[in-house]
Amino acid sequence: MHARDVMTADVLTVTPATNVRTIAQSLLDRGISAVPVVDQQGHVMGIVSEGDLMRRAEAGTERHRSWWLDLLASPADKARDFAKSHGLTAKDVMTQPVVTVTEDTSLAEIATLLERHRIKRVPVVRDGAIVGIVSRANLLHGLVAKEAAPVTTPDDATIRQRIIDRVKEAGIDEGYINVVVAGGVVHLWGLLDSQVEKEAVRIAAETTPGVRALENNLGVLPAPVVRGSWE
C-alpha cells in the first residue's frame, strides 16, 4: 500500500502570517495535532504542531533552563526557544524543514521516516504542493485494510518454508527447531536459548499467512547451559 491509499486529503493548512492563537483554536476545533504551513502555491514551508505551541509566554509555560543547562545552550538554541515562546505567527514558531513524501511512497517507507525523525505525521506532496497528510493513525487504517483483504491459502510446504524464512529473519538458527505443518496446523519442536527467542518463533509462525492453528512444543534451555556443551 502507498500514501495515496491511506492519506487524509482534506488537509487544514495555514499561511506563514496566520496568528498562533488562530492556529491553536483550529487544532482544538478540528481535533488534530498539527497543521502544515504553505505558501500561495500550496508548497509546504513548515509545520506547526502542539509541541511548537507548548512553551508560550502567555500561558506561563515558556522554557526556563537551570543555570547549568543555560550555560550549555547555544545562542541558536536560546533564540529558537525565544521565538517559540513569543512569536505571533506561524512563520515564527513553525518547525522546518519538513519531511514530506509523495503519493507513491510505500507505507513501510513512511513508517521508517516517522521512526527515524520521531514525528507523528508527514505531508504528501505532488510537484511540491500539498495534496494530503499521512499520520500514525492513517498507518493503522492501512494495517486494518490490509488484514481485511482476501488472501489465497498456501499449501503446507509453502507455509513451512515461509515460517523457516521468518525465523531466520528474526536472527534465530533454524537448525535448533523443527517445523511440521499438516492441514495448516503448525507444530513446533526444539530447544532455544531464551524465552525471547521462543516468543519470536511463536510470532513468526502465528503471523504467517495460511496458518490455521499452532501447537507450540518449544522449550528453553536452563540458564547455565551453554549451547554446544552437550552436543
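See the structure printed just above.
Reading the values: rules and limits
Residues numbered from 1 in each chain as written. Predicted model: local features only at pLDDT ≥ 70, side-chain atom pairs only at ≥ 80, totals over all residues. Heavy atoms only, no water. Helix = DSSP H or I, 4+ residues; strand = E, 2+ residues; numbered from the N terminus. Buried < 20%, exposed > 50% of the residue type's maximum accessible area, 1.4 Å probe, protein only. Salt bridge = Lys/Arg side-chain N within 4 Å of Asp/Glu carboxyl O. Arc of directions from axis to C-beta. Contact = heavy atoms within 4.5 Å.

Caption draft 1: Inspection of unusual backbone geometry at higher detail. Geometrically, the link from Gln96 to Pro97 is a cis peptide bond, its omega value of -5 degrees lying close to zero. Of note, Pro97 is situated in the loop between helix H5 (90–93) and helix H6 (107–117). Unlike most non-glycine residues, Arg118 shows phi in positive territory, near 55 degrees. Tracing the sequence through the fold places Arg118 in the loop between H6 and strand S3 (121–126). A relative accessible area of 78% means that Arg118 is categorised as exposed. For Asp127, which is not glycine, the phi dihedral falls at a positive 55 degrees. Assignment of secondary structure puts Asp127 in the loop between S3 and strand S4 (129–135).

Caption draft 2: Here's a closer look at the pattern of salt bridges. Scanning all chains against the criterion turns up six salt bridges. Notably, a salt bridge pairs Arg202 with Glu199, separated by 2.8 Å at the nearest N-O pair. Of this pair, Arg202 and Glu199 both sit in helix H9 (residues 195–206), separated by three residues, roughly a single helical turn. Put simply, Glu206 and Arg202 hold a salt bridge, and the shortest N to O gap is 2.7 Å. In this pair, Glu206 and Arg202 both sit in helix H9, four residues apart, roughly one turn of the helix. In this structure, a network of salt bridges that share partners links the residues Glu199, Arg202 and Glu206.

Caption draft 3: Highlighting helix H2 (residues 20–30). Taken residue by residue, H2 has Val20, Ile23, Ser26 and Leu27 as its buried positions. Buried residues of H2 fall within an arc of 115 degrees about the axis and therefore sit on the same side. For H2, exposure combined with an orientation more than 90 degrees from the buried face picks out Arg21, Leu28 and Asp29. For H2, the elements touching its buried residues are strand S1 (34–38), strand S2 (44–49) and H5.

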